[in-house]
Each structure stands twice: as structure tokens, then as C-alpha cells.
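# Survey of secondary and tertiary structure
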Amino acid sequence: MSSGFNLPPHQHATFAVISRLLSCLVTESLLRAYYIPITGVSDVSGFAVILATHLLSEQPIINRSLRPHDIFAIVPLRNAPAFGDAVLSRHGRAIGLLDPLDMVPVVYELTETHSGAHHTLLKEAVISSLLPPPWELNGSRNLIEVDDPVHLWRKFVDGVIIQESLSDIIEKELLSSYEWQKSSFSNPPALPDLNSAPIEFEQSLVAGHPTHPMHRARMLSSVSSEYDWYHPRIRFVRVPRTSLNILGEFDETCQRMAELAASRVGKPIPRDESYVLMPAHELQLDNIARRFKDVEILPSEIYLPALAQSSIRTVSLPDLPGKALKLAVGVKISSSLRTISHFTADFGPRFSAEVVPRLAIDPDILHVETERQSAVYRADDPDSAKHFTAVIRDEYERKDGESLIVVAALLEMGHSNIPAGTSALEHLFKLDTQEKRVTFLDRYIEIACKALLPALIHNGVAFEAHAQNVVARFETATGKVLGFIYRDLGGLRIDPKTLKESTGVDFQFLPGHCVVTRSLEEASPKFYHTFVHNHIQRLIRLLRLHANGVGWEILRKHMASVIPREHMLWDLWMDPGRKRVDSKCLMRMRMKDSYRDMVYSPYVNMIQYRPVATTAGEKVLIK
């Protein structure tokens, strides 16, 4: 799939960050781009010319010739990207969505100087396509490879309005992402097999998020680069009961956990009803001690070993089977500080008890993991409280003959024990022919749509159905998709009116909780972004069913079978004339320094994606 896996780790990591950065800048309309097809170069269909920031103000059609200073970067592509529309301009087709998997692993800039490197066939094809009158390159007819994501970031922010301090932080996050990605590519994990424990798949990620530029960033200066993130220790903190807001049997569960940890070192813990023993991630202890003065951290030998899931802050405890522990960790992973808000601590247990049993879901194909126990420090400042929170999740019980695989693990490549460029899902399920890939995808999408869409359609509950929040269930012997597990209630978006009308529950949300929307239409972008853009799109692309449109035909078929024609979602997504749909903007959010408040803008509606034929040298006059 990707020749990037033939690159040395540092070059591959550089491209991993750059490709995601450019993908976001173009897809979120922060930069404009044109596609120009070429012929005669193996595995390359054409290239994207990404325009400089000052071209954003030249709306909507650029009539003048474009010069070197108008070009931000040039990226060769494997296949034509998704276009904003099918209309040709004199410069090419406007690109609406650019995915990292579209890209050949090289990025160019124009220069007047000779690099000394041999002009490859690809470079010659690119330069020879940028001819007058639409392109006026003058002396800048040489291409140099970009090998530094920070260079592109600085080049971008030089033409936009952003606080210098925030720009510097984002730059550090990009560097961190590069360093951690290089480490992963240098020592890639092995891919488990269908008989492996679910936690082994959780810990088998190579690259993580498919489009986030800071996909591998981990920002905490006090943590050694040698720290084993997947095997943390869970420590315990004694907290006055009056300092906590507790829901469910949290205190009793945690008391048992602490007693077990203490018994291993011969230090029994006496019960005191005026205190609660809160579990805490070992990386969070200094933060807790600094912020909360009425707590006592128990000795370091009193701990439980844990196995971190793909999200890092949620862990499984071998000593507490059937439960997962979600903990605040004051570490910035990707671009977000991985704490837990008081909103989440309050919402999960009540929503689990009052609403989840009433959702319009088929329990044979979808299991929602509930969060019935939680505790959060009772602080006046929510930004302090979020640093000392814990949620206990009830995990699905694996059945005999069943494989449980977090979807994020299926969508990975680059494992140490499988061929380079082969995706995990192709290898695990032996999808070595087009027919097998189509058969697999057809059933996968059919079950996924039937499992995850009804709650939105009937209850106004949009699951945050990205690949890290969804676990797929397979029949181990055959590889047949059986159903899915959804987890993490904190990322839902809910229309309270539809929820009440459909379930009879007048659920009480905390004022200001971000899960609340004003309408079903406002809840829908969360589902589109996580399920269609992040989850299903990656699946379709890895199975090589994107460029030919086959995967999207399958998605349309199964979404149409679940969404009623008279439903609002049909007009939003299924109408062939609906070319755009609101979706989450990762870089726009980051540039606003926003985490909880989502930023949406129109994306190409990939549900309606159909290939557009392109030919080298195509041009039309602007009408």
C-alpha cells in the first residue's frame, strides 16, 4: 500500500507528520490546492499543487497566472484526490479532500537553485506539466525535497494570524510527533493473531491517528523517553470523602483494589469511612500533590500493575477482570491534555443507568460498555478538578471462539512480522484478492451501519465511532464479523429533544456540557467525522476500494438500508446532490487552542464519492 515503509525510519516519520499536516491544511480549506494528472510515471497518477496562504483571499476562482511565490508545496499522488466539484479551471481541478494515503512519500518545493541531485522522471513530469500561461515559473524550475515538518509549519504560519506562543507550542508538538513516530518505525510492534488477547491488539499500534498531524506527540518533560507507556503502575491516594463527588460503588471497588495492592507487600490498609482511596496513574502523582493539599499519596510499593489500552489513559487491570480504569494523566497526547472533566465523571454513570438500556440498538451486534462508577475531586475550578478524576468502565466479556480487536489496530501497517505496506486487516483475514476484500468490506459495513447508526437516527445520540472507540468482534475460526463494541461515553453528541421523545427519559445534563447539541442536525457532524471520515474511509482505502469507488458504493448501499428516506440524515448525507457535509477540523481547532469546543467546516461528502476521470494535460476555459 505505501512505499513509505521502504524508507529509513527518520524519513518515514518525517513523511508521516508532513503528509498529515498537508492533509489537514488542504481538507480544512486552510490552503487551496489543484490536482494535475500526469502519465508515464509508475504508481503516480498526478500531483497536487498546494497554494500559498495569500491565495486564500483570491476567491472564488483564480484567473491570473500563478508564479513560484504562489506555490506552497507540490505533492505527487497515487490516485486522484476527492475534488471539491468536477469543474475544471485553467490550473486544474480544485482538491476538496487530500488524504495521506493519496500521497507518494515525497514532498517538493520549487527553487531557482540546483540541488545537485539527479532530476528523476517524476520531477521532470511535474515540471513539464507546469507550463505557461497558467503557470509562470520563470527561473524556478527545480524541485527540492522537503524533509522537515517544522519548516512547512513555519512557512504556513508566516502568512496567517496566530499567537506566536501557540505557534511555538504546535511546532514542539509536531517535533514530538516526529520523534515518537521515528521510535515506533525503528522498533515496530508485532501484529498479534486472531487467538491473541484483546489487550495485545490495543498495544500493537504503529502510527495511530490516520490524519492528525500531532498523531504521535507525547508532551511531558519529566517523562523519560524510555518510559513504558503500556505497563504503568496504578498508585493510590487517600482523599477525604468530603472532597470527592462519587457516583456508583466507586469507593468500595477502589478500596478492594487498594487492599489487594497493599496485601502483596504485607501492609494492610485499615478502613476509614471518612476517606476514599482513589486510584491514580503514576505519572499524575506529582500533579496531584501539587494541586490538592488535603490528600495523602500511599507508599510507592502499594500499586497494581496495569496494561494500557490504545488511548493510554484507559487501562486494564489483570487483578480486576471485567473492569477498565480511565484515569486523568497530565500528559499531552496528540494535541490534547489527557485529563477527565467533571462533566464526564458526572455523565457516564447516570447515562449508563438511565439511557443506555433504552437506546435503539440491537444487542446481538452492538454492546455499549457502561461507566457506572466514577469520582472527581470537588474543586471550585473545573480546570483543576479534571486532573484528579477516575471512571470505571464495565468491559465486554469475550466469548469462546471470538476475537476482539480494537478497530484502530486493524487499520495499521508496518508491523515487524508482516510484509511492509500490508495492512493488519489484510494480513489477519487473508484478503489477498479483490473479491475477498469486497466480501469482507460489504459485511463489515453492513453490520457497522446496523449497529452504530440507529441510536443517532432514533434517539439523537451520535456515537464517537472512530477506530479507537470501536472494538470489532470476529468469529475466530472464520474471520466473520459478528458485531461491535462501543466504548467511551464522554465523546457523545446528543440532541436532548430527540432523546426524550424516543426514550421517555428527561436526562439532566450539567450546564455547559459539550455533549449537548441544539438539534439532531448539530449532533450529526460528530458521527460523520468519526465513523465515515476517520473509520470507514481508512478501511476503504486500505482495502484498495477507494479510487475505483467500490467501497463508497458499498457504504451508500448499507447506509441507505438503515436511514429512512424521510429522515433528516437522508437530506444531510444521502442526497446525491449533497456535495459537502460538516466535519471536524483538527488543525482549525488546534490553531484556536480548542479541545472541548469542536470546530466544524464543510468537507467533501465522501458518502457521495464517485471517481472522476482525469487525463494528463486537461484544461478548460473558465466560464
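Data block above holds the structure.
First, a word on what this report is: a plain description of the structure on this page. (Residues numbered from 1 in each chain as written. Predicted model: local features only at pLDDT ≥ 70, side-chain atom pairs only at ≥ 80, totals over all residues. Heavy atoms only, no water.)

## Some details on the overall build of the protein
Short version of the rule: The helix and strand labels rest on DSSP assignments: H or I over at least four residues marks a helix, E over at least two residues marks a strand, and numbering proceeds from the N terminus. Based on C-alpha atoms, the radius of gyration is set beside the globule rule, defined as 2.2 Å times the residue count to the power 0.38. Here's how the labels work: a residue is buried when its accessible area is under 20% of the maximum for its type, exposed when over 50%, partly exposed in between, all with a 1.4 Å probe on protein chains only. Residues count as neighbours in contact if any of their non-hydrogen atoms are within 4.5 Å of one another. Here the Shrake-Rupley method, with its probe set to 1.4 Å, supplies the accessible areas, and only the displayed protein chains count as covering residues.
Each helix and strand counted, the protein has 18 helices and 28 strands in total. For the protein, the C-alpha radius of gyration of 25 Å lies close to 25 Å, the compact-globule estimate for 623 residues. Across its three principal directions, the C-alpha atoms of the protein cover 80 × 55 × 45 Å. Out of the 623 residues in the protein, the part that is buried amounts to 60%. Contacts in the protein between residues at least 24 apart in sequence constitute 74% of all its contacts with a sequence separation of at least 6. As presented, the protein carries roughly 24800 Å² of accessible surface, and 50% of it is formed by carbon and sulfur atoms.

## Some thoughts on the nonpolar core
Selection criterion: To form a nonpolar core, buried Ala, Val, Leu, Ile, Met, Phe, Trp, Tyr and Cys residues must be joined to one another through side-chain atoms within 4.5 Å.
Among the nonpolar cores identified, the biggest contains 186 residues, and F463 and W573 are the most heavily contacted of them. Every residue in contact with F463, bar those within four places of it in the chain, is listed here: L359, L366, V368, L452, A455, Y486, L492, K526, F527 and T530. Counting 25 residues, the second-largest nonpolar core is a separate cluster that includes F47, I62, V104 and L122.

## Notes on the sheet that holds strand β15 (residues 314-316)
Basically, it comes down to this: Strand pairing requires that DSSP identify at least two bridges connecting the strands.
Taken together, the 6 strands give an open sheet; going across it, the order is β10-β20-β21-β16-β15-β14, and neighbouring strands pair in antiparallel fashion. Each edge of the open sheet carries a strand with a single partner, namely β10 (244-247) and β14 (307-308). Looking at chain direction, strand β16 (residues 323-327) and strand β21 (residues 389-394) are connected through 5 bridges and run antiparallel. Following the sheet pairing, K323 is matched in β21 by D394.

## Side note on the packing of helix α15 (residues 520-542) against helix α16 (residues 550-562)
Packed helices, taken two at a time, are described by their axes: the angle between them and the distance between them. Under the convention used in this document: With axes taken as lines fitted to C-alpha atoms, and helix axes fitted only over the stretch in contact, angles between N-to-C directions fall between 0 and 180 degrees. Each angle receives one of four descriptions, namely roughly parallel if under 35 degrees, roughly antiparallel if over 145, roughly perpendicular if within 65 to 115, and oblique otherwise. Here a crossing is called left-handed whenever its near helix is offset anticlockwise from the far helix by less than a right angle, and right-handed whenever the offset is clockwise. For this classification, Asp, Glu, Lys and Arg are treated as charged, while Ala, Val, Leu, Ile, Met, Phe, Trp, Tyr, Cys and Pro are nonpolar and the rest, including Gly, are polar.
For the pair α15 and α16, interaxial distance at closest approach is 10 Å and the crossing angle is 130 degrees. Put simply, α15 runs oblique to α16. Our pair here, α15 against α16, has a crossing hand that is right-handed. Two secondary-structure elements touch here, α15 through F531, V532, I536, Q537 and I540 and α16 through G551, W552 and L555. Classifying every residue of the contact of α15 with α16 gives 6 nonpolar, 2 polar and no charged.

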